[in-house]
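So the chains spell out like this:
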Amino acid sequence: MMWPNWLPLRSDLKALSPYGAPQLPAEASLNTNENPYAPSITLQKAITAAVAEASSSLNRYPDRDAIKVRTALASYINEENGTEFGANNVWAANGSNEIIQSLFLAFGNSSALGFTPSYSMHPLISMVTDTKWINGERNQDFSFNVDIAIQDVVHHKPLLTFVTTPNNPTGGAISLAEIEALAVVVGENGGLLVVDEAYAEFSNERSSVNLIAQHPHVVVIRTMSKAFAFAGVRVGYLIADPSVINAMMLVRLPYHLSALTQAAANVALDFRAELLGNVGMLITAREELAASLQAMGLRTLPSAANFILFTGFAVSSAQLWSQLLEKGVLIRDVGLSSYLRVTVGNDAENKAFIKALSELL
Ligand SMILES: *Cc1c(COP(=O)(O)O)cnc(C)c1O
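All of these numbers come straight from a predicted model, not from anything done at the bench. (Residues numbered from 1 in each chain as written. Predicted model: local features only at pLDDT ≥ 70, side-chain atom pairs only at ≥ 80, totals over all residues. Heavy atoms only, no water.)

(A) Focus on the overall build of the chain. On a plain count of helices and strands, the chain comes out with twelve helices and twelve strands. Computed over its C-alpha atoms, the radius of gyration of the chain comes to 21 Å, within 12% of the 21 Å expected for a compact globule of 361 residues. Along the first, second and third principal axes, the C-alpha set of the chain runs to 55 × 55 × 55 Å. With 361 residues in all, the chain has 52% of them scored as buried. Within the chain, residue pairs in contact and separated by at least 24 positions form 72% of the contacts whose partners lie at least 6 positions apart. Distance between charge centres in the chain, computed from 23 positive and 32 negative side chains, equals 6 Å. (Helix = DSSP H or I, 4+ residues; strand = E, 2+ residues; numbered from the N terminus. Rg over C-alpha atoms; globule rule 2.2 N^0.38 Å. Buried < 20%, exposed > 50% of the residue type's maximum accessible area, 1.4 Å probe, protein only. Contact = heavy atoms within 4.5 Å. Lys, Arg positive; Asp, Glu negative; His and termini not counted. Charge placed at Lys NZ, Arg CZ, Asp CG, Glu CD.)

Shown next as structure tokens:
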């Protein structure tokens, strides 16, 4: 990007490009790990009614602390884990990306560590908030190596250490025992361990929220965008010790979560059994999709999420990506040479993907 001379843009931003998952029309959109199942008519009507009710007071600011949403999110997490969190353990924002940004604003003044390849927004938000980002390593097969992670923490002493489980874009999950071992060392070195669990509902591993009572420096990020099938509304949240929530209140913008967002989120949380009802089906479809890819001679990485990273094709990632797009199938080139990532879609989308791919290989 050529920036005009008169624009006083921060010099450290000039080399960056905006987050850019292409938003292109396609028959099968399997590129951003969305849930393929649209809200039911009953849920659409319930949201419409709640939004209509909220509309009558749109001249007023919304509940700045979003207490109702945070209380409902706490009870969802408690149902799932047998924990006893309340609203004071939960912070909610416009997608977990805003949560990540708030963590950097509150705690990011020295350095942050993550284990690459992982979610590209962690380093990007780190740079934008002027925090030094350190790329920690994984095993050759992209699995998480807790010994390397511990060494990196001891060596760099970052204030924020990020782990993503299941990891995006590779799909692998980390056991709770390994996360706890890392949490102990992060605590000894004066930092926070941020566990990004955007895909937790698709995994069999226990959630790191179970570590918070013992290890108050563990912060768990969740989102309604993936398993919850609610990406369009933009609600992400974190679960943590109340002191972390108090720190979030220092850096949040006042009234950040709109009245319409809060109204829709409250309805979705009431409908959580229905919204999460497709998770089992997506897990089955993920296993079928992996088997089909393997049957074509491709190699798939083990996934505990709603996507699969695969390799073993002869052309470049960029080439196969565009050939698939020409056939109406949009998947994701995550910038890992010779790999591509496909989101598990509905039956028709998965079939369209497999058909297009088999014609190309
Ligand atoms: C999708 C994703 C998120 C962000 O989701 P929001 O829509 O901003 O809530 C966060 N972390 C990871 C690892 C993701 O893949």
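(B) Molecular detail of the sheet that holds strand β12 (residues 339–343). Strand order in the open sheet made by the three strands is β9-β10-β12, with antiparallel pairing throughout. Edge strands, defined here as strands with exactly one partner in the open sheet, are β9 (299–300) and β12. In the sheet, strand β10 (residues 307–311) pairs with β12 via five bridges, with the strands oriented antiparallel. Along β12, the bridge assignment pairs Leu-309 with Arg-341. The strands that helix α10 (residues 279–295) touches are β9, β10 and β12; relative to β10, the one it contacts most, it runs at about 10 degrees. (Pairing = 2+ DSSP bridges. Axes fitted to C-alpha atoms, helices over the stretch in contact; angles between N-to-C directions.)

(C) The arrangement of the sheet that holds strand β6 (residues 192–196) in detail. The strand order across the open sheet formed by seven strands is β2-β8-β7-β6-β5-β3-β4, and the pairing between neighbours is mixed. Of all the strands in the sheet, just β2 (90–93) and β4 (132–136) have a single pairing partner and so form its edges. The average undirected angle you get between the axes of adjacent strands in this sheet is 20 degrees. As paired strands, strand β3 (residues 111–115) and β4 are joined by five bridges and run parallel to one another. Note on β4: the bridge partner recorded for Gly-114 is Asn-135. Taken strand by strand, helix α2 (residues 67–81) contacts β2, β7 (218–223) and β8 (236–239), and its axis lies near 120 degrees from that of β2. Here helix α7 (residues 242–251) sits on the sheet and contacts β2, β7 and β8; the angle it forms with β2, its principal contact strand, is near 30 degrees.

(D) Just empty space enclosed by the protein, in detail. Considering all chains together, one arrives at one cavity of 30 Å³ or more under this definition. Quantified by volume, the largest cavity comes out at close to 70 Å³. Along its surface, the largest cavity is lined by Thr-165, Pro-166, Ala-173, Ile-174, Ile-179, Glu-197, Ala-200, Ser-203, Glu-205, Arg-206, Ser-207 and Ser-208. Here the residues of the lining of the largest cavity are counted per class, giving five nonpolar, four polar and three charged. (1 Å grid on protein atoms, 1.4 Å probe; cavity = no way out; pocket = protein on both sides within 12 Å on 5 of 7 lines; lining within 4 Å. Points joined across faces, edges and corners; volume = space filled by probe spheres on them. Nonpolar A, V, L, I, M, F, W, Y, C, P; charged D, E, K, R; others polar.)

(E) Focus on the nonpolar core. The biggest cluster of nonpolar side chains holds 84 residues, and the ones touching the most others in it are Phe-310, Ile-331 and Phe-353. For this core, the domains that each give at least three residues are domain 1 (22–39 + 277–360) and domain 2 (42–272). Once residues lying within four places of it in the same chain are set aside, the contact partners of Phe-310 are Leu-293, Leu-298, Arg-299, Thr-300, Leu-320, Ile-331, Ser-338, Tyr-339, Leu-340, Val-342, Phe-353 and Leu-357. Grouped together as the second largest cluster of nonpolar side chains are 23 residues, Ile-99, Tyr-119, Ile-125 and Trp-133 included. (Core = buried A, V, L, I, M, F, W, Y, C linked by side-chain atoms within 4.5 Å. Domains from an automatic or database assignment.)

Interpretation note: all reported values are geometric properties and have no functional meaning in isolation.
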